[in-house]
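Structure assessment
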Amino acid sequence: MAILLSGALLGGCAFQNYLDRGHDHAARGDYRAALAEYDRALQHDSDSDKARRLRDQIRPYAIDQATAEMRAQLKASRYEDALAEAKYVARLDPKKGNMLKGEILERMMAELDKQIAEGRMETAYVFGARIDKLFPTAKGVAKRRAIIRRAFYTKSESALARGDHADAIEALAPVARYDRTQARIVKKRRSHIRNAWADTLVSEAKKAESEQHNGVAAAHYARAYEVAQRPEDRAALRRLAPALARQAAFILAVKPDKDSQRALEVGTMLEHHALKLSGVRLPADGDGATMVAALSAAPMACDQLATQSTATQEYIAGSRWVANAQYERIAAKLHGSEPKAQRLANEVATERRSVKRKRAAAERCRRLEQIPARKARDAAASARDAARVDVQHHEQRIAELERRLARARRARRKKGFVHNRDGMRQRLAEERRQLHDAKHAYAQTSQKSKRAKDQYEQARRRCKRARYDADKATRRLREKETALQRARALVGQLSAKLARTPDRVREDVIEEFRFPVSHVTRRCVANSTMELKTAWDAGPSIRKSTADTRTQDDTHLAYPQYGVSSNPLAFPFSDANLIQRTDRLLVKRLLKTVQGQVVDYYEYMSDRAFEWRRDDPDAATDVMVALVLAGRTHIAKKTLARFASHMGERHGLRKLDSLML
């Protein structure tokens, strides 16, 4: 029974809180929020005539407020926000809400017609999609979007007729972006434009090929493949690429000294490795050489060098008993852990007493302060509500008496009418006196209710603080208990480990002796000279290269009685292996010289191509394409960027990589 009574009191408090909040919102002019609070009160108590009457009274004001907000949003062209307001009105008054939605749609359609008339077709396309999203069933939008779509199609067809293929494709972009129903048609039109564009480029490529400008033709074929991705355009580019790359390749002619067998061997190795570089080839019949390398190599020189040092050898001379350091470490750790565990046990006992004391204080506060204060608050609120009802009753009686008295005044001249106006005036005066007393009583009960509410809040805060202190002490106790468990577990582990560990152990006595060691080094040195003559420099240059490889081993006298075995001289590499490694190192250094000349050649040819671009752009294109196909890895990134800029400006090529298909 007590539980049911408590629930009823709490339910009544919640109901009254909803009404109070609704009154506050209505007083501030926020009628929508007030209506929401009255709806909540009615949901809480569906039989309440008072809540239903308040909701019905405030609904017209909420509708007017939402309508005004809708028109403000509509004036600012915030159509989504305006539609949200109209939907709110439709939930309260469907007829008026639908009228407001129609007003928004009419305004948006007028704006769409204005954009179409002014020729702002892409903006109109976006706006039409916006209308479709907000009003999926609206009539007339599809017709207007068809007009906009036709304008873009016409623009694309005009650009195609002028031969402006890029603009023709770009004109279709808004249709693809804002009208998914046209995706297949747009794709078909784009494919047609790209094929026409690629056909034009292929015609230009064939014309350039007939004029012996194969580089220009290759650029056009590459651009055609970029545009339409047709296999035949890529095949045409691949047909021209080998010959262009061969024309621009670096031709290396190695001429070793015929009287030196080593020079012949090194020259053969150099040619073999040079051919692995991109854009480098050997001269064929009738070819001139980009660079001639006259190579001479001195005979291999190998020698041996030995140095002496002294080394030490450790050995076990006996054993002895010593204190076990591990035992001492465990004992020291155990000695420090036991007092800590005892200290934690004392702290846990203290915390337990503190928790018990603080929990009792929190319970006393709840039982002696918070619960009585809450009962007093609820009783005062009930008395205040009763006084308010009494005031409303007297106000209604006064209003009724005033209406009756007014009717009596209007009918006083009618024949046969009998009335007692003096009696009604006396009753009216009595009601006004009672109303004054009721208002005075309401004011007093309101003050008492406010004081009771303040006293309850103070008691609730005090009890909340007491509960917080008790919870905090409980958490601290749990932390201390956990720390105590860990400390006791550590003491047990250390005690068990100390019992298994001996306090003394035997260790070896280590001594050492000294003995001589020989460090022997075997070295081979190869020298070569290369005279370079290039097609772009006036005179020859001399480059000398040296390769030095070594192998080492250590030897010492044998001491079998101390565990040192004999160690004869044994190099990791034989002389033949050492000579082979030296030759490889020499060729690697010679190849680095050649590679530097290859980079210089491609830089020189790139500079010439940029010079020719002013007088003969097509010839410059031929050279640039050939250089890229032959040795792109040797060309600087900055130079490649200039190539790409020329190809884009002159031939429309988007990427230089398209030449490498």
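So, a few notes on the structure that sits alongside this text. Keep in mind it's a predicted model, so treat the numbers as computed, not measured.

**Brief notes about the packing of aromatic side chains**
Under the criterion given, the structure shown has 10 aromatic pairs. Measuring from centroid to centroid gives 5.6 Å for tyrosine 79 and phenylalanine 127, while their planes differ by 75°, and the two rings are edge-to-face. Of this pair, tyrosine 79 sits in helix α4 (residues 79–92) while phenylalanine 127 sits in helix α6 (residues 121–134); the two residues are 48 residues apart in sequence, bridging distant segments of the chain. The burial state of tyrosine 79 is the same as that of phenylalanine 127; both residues are buried. Ring geometry for tyrosine 125 against phenylalanine 152: centres 5.8 Å apart, planes inclined by 20°, an arrangement best described as stacked. Of this pair, tyrosine 125 sits in helix α6 while phenylalanine 152 sits in helix α7 (residues 141–162), placing them 27 residues apart in sequence.

**Focus on the layout of surface pockets**
By volume, the second largest pocket is sized at about 250 Å³. The wall of the second largest pocket is formed by 13 residues, among which Arg194, Trp197, Arg223, Glu226 and Arg654 lie closest to the centre. Those elements that place two or more of their residues in the lining of the second largest pocket are α8 (165–170), α10 (183–210) and α11 (214–228). Classifying every residue of the lining of the second largest pocket gives five nonpolar, one polar and seven charged.

**Looking at helix α12 (residues 231–248)**
With 18 residues, α12 extends 26 Å from end C-alpha to end C-alpha; this agrees with the ideal 26 Å at 1.5 Å per step. The sharpest bend along α12 measures roughly 30° and falls at alanine 241, with the proline proline 242 sitting one to four residues further on. Within α12, burial applies to Asp233, Ala236, Leu237, Leu240, Ala241, Leu244, Ala245 and Ala248. Among the structural elements, α10, α11, β1 (250–256), α16 (575–615) and α17 (617–631) are those in contact with the buried residues of α12.

**Here we look at the state of the cysteines**
Inspection of every chain in the model, using the stated rule, returns two disulfides. Each sulfur of the disulfide joining cysteine 302 and cysteine 524 lies 2.0 Å from the other. When the S-S torsion is 110°, as for the bridge of cysteine 302 with cysteine 524, the disulfide is right-handed. Pair noted here: cysteine 302 is in strand β4 (residues 301–323) and cysteine 524 is in strand β5 (residues 504–534), with a separation of 222 residues, a long-range link. By relative accessible area, cysteine 524 is classed as buried at 0%. What pairs with cysteine 365 in a disulfide is cysteine 463, and their sulfur atoms sit 2.0 Å apart. Since a negative S-S torsion denotes a left-handed disulfide, the cysteine 365-cysteine 463 link at about -90° is left-handed. Of this pair, cysteine 365 sits in helix α14 (residues 325–410) while cysteine 463 sits in helix α15 (residues 421–500), and the two are 98 residues apart along the sequence. According to the relative accessible area criterion, cysteine 463 is buried, its value standing at 0%.

**Re the packing of helix α5 (residues 94–117) against α7**
Between α5 and α7, the least distance of the axes is 11 Å, while the angle of their chain directions is 15°. Relative to α7, the element α5 lies roughly parallel. Once α5 is placed against α7, the crossing between them reads as left-handed. Residues Met109, Leu112, Asp113 and Ile116 of α5 form the contact with α7, whose own contacting residues are Val141, Arg144, Ile147 and Ile148. Classifying every residue of the contact of α5 with α7 by side-chain character gives six nonpolar, no polar and two charged.

Cut-offs used in this document
- Residues numbered from 1 in each chain as written.
- Predicted model: local features only at pLDDT ≥ 70, side-chain atom pairs only at ≥ 80, totals over all residues.
- Heavy atoms only, no water.
- Phe/Tyr/Trp six-rings, centres within 6.5 Å; stacked < 30°, edge-to-face > 60°.
- Helix = DSSP H or I, 4+ residues; strand = E, 2+ residues; numbered from the N terminus.
- Buried < 20%, exposed > 50% of the residue type's maximum accessible area, 1.4 Å probe, protein only.
- 1 Å grid on protein atoms, 1.4 Å probe; cavity = no way out; pocket = protein on both sides within 12 Å on 5 of 7 lines; lining within 4 Å.
- Points joined across faces, edges and corners; volume = space filled by probe spheres on them.
- Nonpolar A, V, L, I, M, F, W, Y, C, P; charged D, E, K, R; others polar.
- Expected span 1.5 Å × (residues − 1).
- Bend = angle between axes of the 7 residues up to and from the residue.
- Contact = heavy atoms within 4.5 Å.
- Disulfide = S-S within 2.5 Å.
- Axes fitted to C-alpha atoms, helices over the stretch in contact; angles between N-to-C directions.
- Parallel < 35°, antiparallel > 145°, perpendicular 65-115°, else oblique.
- Left-handed = near helix turned anticlockwise from the far one by under 90°.

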